[in-house]
Amino acid sequence: MCLLLGASGVGKTLLVKRLQKLSSQDAKGDVGAPPPTQPTVGTNLTDIVVQRRITIRELGGCMGPIWSSYYGNCRCLLLSAACVQLLGLLSAEQLAEASVLILFNKIDLPCYMSMEEIRSLMRLPDILAHARQNVSTAEISARKGTGLAQVLHWLQDTHGASS
């Protein structure tokens, strides 16, 4: 099981829909126009097939206070979260063995900060130096499809290694 966590409005639902389309046989790398989305209330389960079936459990942003009840059986974590959330997730005992991919979504927006600015603002090198997990980062645009192939490769590699 792969958890997808993040605050409300960060693009989790669109990301999952795009990954699902990109992983389908007929996608051929083109994600097309963004599909309509609704805010997730509760949880959504989505299967993505990249050499094998990977189930992604997306938790609505409003569920932040109870995320920890979903940590069991989590092999990997896709995270689009604020610094405080990141610290809490990386220190959770149940996630000590999970691989983590921190997603910096919405790079297509004109006000998007550079990766270097974000790393500095979040003090990301300091946080990652103390993390027990294998942590990777990716800049993406779920709306335009930028970086989604990298996310699929990460999921494939992570689930292949953790089986």
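Residues numbered from 1 in each chain as written. Predicted model: local features only at pLDDT ≥ 70, side-chain atom pairs only at ≥ 80, totals over all residues. Heavy atoms only, no water.

A. A look at the confidence of the model for the chain. The pLDDT averaged across the chain works out to 88; a share of 94% of its residues lies at or above 70. Per-residue pLDDT, averaged within each element of the chain, yields its smallest value for helix H2 (residues 83–90) (84) and its largest for strand E5 (residues 99–104) (94). (pLDDT = per-residue confidence, 0-100. Helix = DSSP H or I, 4+ residues; strand = E, 2+ residues; numbered from the N terminus.)

B. Expanded view of the sheet that holds strand E2 (residues 43–50). Across the sheet, which stays open at both edges, the 6 strands sit in the order E2-E3-E1-E4-E5-E6 with mixed pairing between neighbours. In the strand order of this sheet, the two ends are held by E2 and strand E6 (135–139), each with one partner. Neighbour-to-neighbour, the strand axes of this sheet turn through a mean angle of 25°, independent of strand direction. Relative to E6, E5 runs parallel, the two sharing 5 bridges. Pairing of leucine 101 across the sheet is with serine 136, part of E6. Contacts from helix H1 (residues 12–23) reach strand E1 (2–6), E2, strand E3 (52–59) and E5 within the one sheet, and its direction differs from that of E2 by about 25°. (Pairing = 2+ DSSP bridges. Axes fitted to C-alpha atoms, helices over the stretch in contact; angles between N-to-C directions. Contact = heavy atoms within 4.5 Å.)

C. Representation of the side chain of glutamate 58 in the model. Of note, glutamate 58 is situated in strand E3. For glutamate 58, which is buried and forms no salt bridge, the nearest opposite charge comes from lysine 12, at a distance of 5.1 Å. Here the side chain of glutamate 58 touches threonine 40 through a polar contact of 2.7 Å, side chain to side chain. Apart from the residues within four sequence positions on either side, glutamate 58 is in contact with Leu4, Lys12, Thr13, Val16, Thr40, Gly42, Thr43 and Asn44. (Buried < 20%, exposed > 50% of the residue type's maximum accessible area, 1.4 Å probe, protein only. Lys, Arg positive; Asp, Glu negative; His and termini not counted. Salt bridge = Lys/Arg side-chain N within 4 Å of Asp/Glu carboxyl O. Polar contact = N/O pair within 3.5 Å; in protein donor to acceptor, adjacent residues only side chain to side chain.)

D. Fine view of the side chain of serine 141. With respect to the element layout, serine 141 can be found in the loop between E6 and helix H5 (148–162). Each residue touching serine 141, except ones within four places of it in the same chain, is listed here: Asn105, Lys106, Ile107, Asp108, Thr146 and Leu148.

E. Structural context of helix H3 (residues 115–122). Looking only at H3, the buried set comprises Met115, Ile118 and Met122. On an axial view of H3, the arc spanned by its buried residues comes to 65°, and they lie on one face. In H3, the exposed residues that point more than 90 degrees away from the buried face are Glu116, Ser120 and Leu121. (Arc of directions from axis to C-beta.)

F. The arrangement of the nonpolar core in detail. Judged by nonpolar contacts, the single largest core of 25 residues is most densely connected at Leu5, Tyr71, Leu77, Leu86, Leu89, Leu95 and Ile102. Mapped onto this core, the elements with two or more residues apiece are E1, strand E4 (76–80), H2, E5, H3 and helix H4 (124–129). Contact partners of leucine 95, with chain neighbours within four places excluded, come to Tyr71, Cys74, Leu77, Leu89 and Gln133. With 24 residues, the next largest nonpolar core counts Leu15, Val16, Leu148 and Leu155 among its residues. (Core = buried A, V, L, I, M, F, W, Y, C linked by side-chain atoms within 4.5 Å.)

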